[in-house]
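The lines below spell out each chain.
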Amino acid sequence: MDEQKETLRVGSAVRRRRRQLELTLAVVAERSGLSVPFLSQVENERARPSSRSLQRVADALRTTEVELLAAADPACTVDVMRAGEGDAGTPSPSSPDARIRNLVRGHHQLHAIEFTGDHDEGREFQHRNDELMYVVGGAVEVEAEGRAYRLGRGDSLYLTGGVRHRWRATVPDSQVLVVAVGDHIDAVDDSRR
């Protein structure tokens, strides 16, 4: 995928999210610590935010850098992501030693992300829809609903939408696959089946 085209589309994703939350540029600027002119340039695709700046914007918009980038890509019906392609090994903004790799491009119902290393264990997550964590290698500890769960290679943990959680790697270079239903999709309880 052409990196320049991908970068240019992130501005529209930022604008859509800001408008969805009914926020002004001034509010996002205050929350993110970035200037209104810079944010305007990002939204109008005249400036390319760094990974750190995009993370600050995402935090201000109560989302993640991954979600903004996913919203920026066009949808496709079949897409193969090869090892080492695209954003493979992107440094995590919350931990310089960790790497994040999107496994699905685009704005889809399914999101899959591979984390390698550790990340900010103090950061708490809460997603509107369900999520699955699978430990590809190493070991992690997940705290959810007041309990700690230790997971090793091959273990998985399922979280229902709305459950607050945080996690940390307990072994260096642990790899965790996170698969989730997109926050932009309303989960439906279809118990009539």
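Since the model is a prediction, treat every value here as computed from it, not as a measurement.

**A word on helix α2 (residues 25-32)**
Of all the positions in α2, only Leu25, Val28, Ala29 and Ser32 are classed as buried. In a view along the axis of α2, the buried residues occupy a sector of 100°, so they form one face of it. Positioned one or two residues after α2, Gly33 has a phi angle of 80°, which is positive.

**Topic: the sheet that holds strand β8 (residues 165-169)**
Judged by pairing direction, the sheet is antiparallel, and its 3 strands sit side by side in the order β6-β5-β8 without closing on themselves. Strands with a single pairing partner mark the edges of an open sheet, and in this sheet they are β6 (147-152) and β8. Taking each pair of neighbouring strands and ignoring which way they run, the sheet shows an average axis angle of 20°. One ladder, built from 5 bridges, connects strand β5 (residues 139-144) with β8; its direction is antiparallel. Looking across to β8, one finds that Glu141 is bridged to Arg168.

Scoring rules and cut-offs
- Residues numbered from 1 in each chain as written.
- Predicted model: local features only at pLDDT ≥ 70, side-chain atom pairs only at ≥ 80, totals over all residues.
- Heavy atoms only, no water.
- Buried < 20%, exposed > 50% of the residue type's maximum accessible area, 1.4 Å probe, protein only.
- Helix = DSSP H or I, 4+ residues; strand = E, 2+ residues; numbered from the N terminus.
- Arc of directions from axis to C-beta.
- Pairing = 2+ DSSP bridges.
- Axes fitted to C-alpha atoms, helices over the stretch in contact; angles between N-to-C directions.

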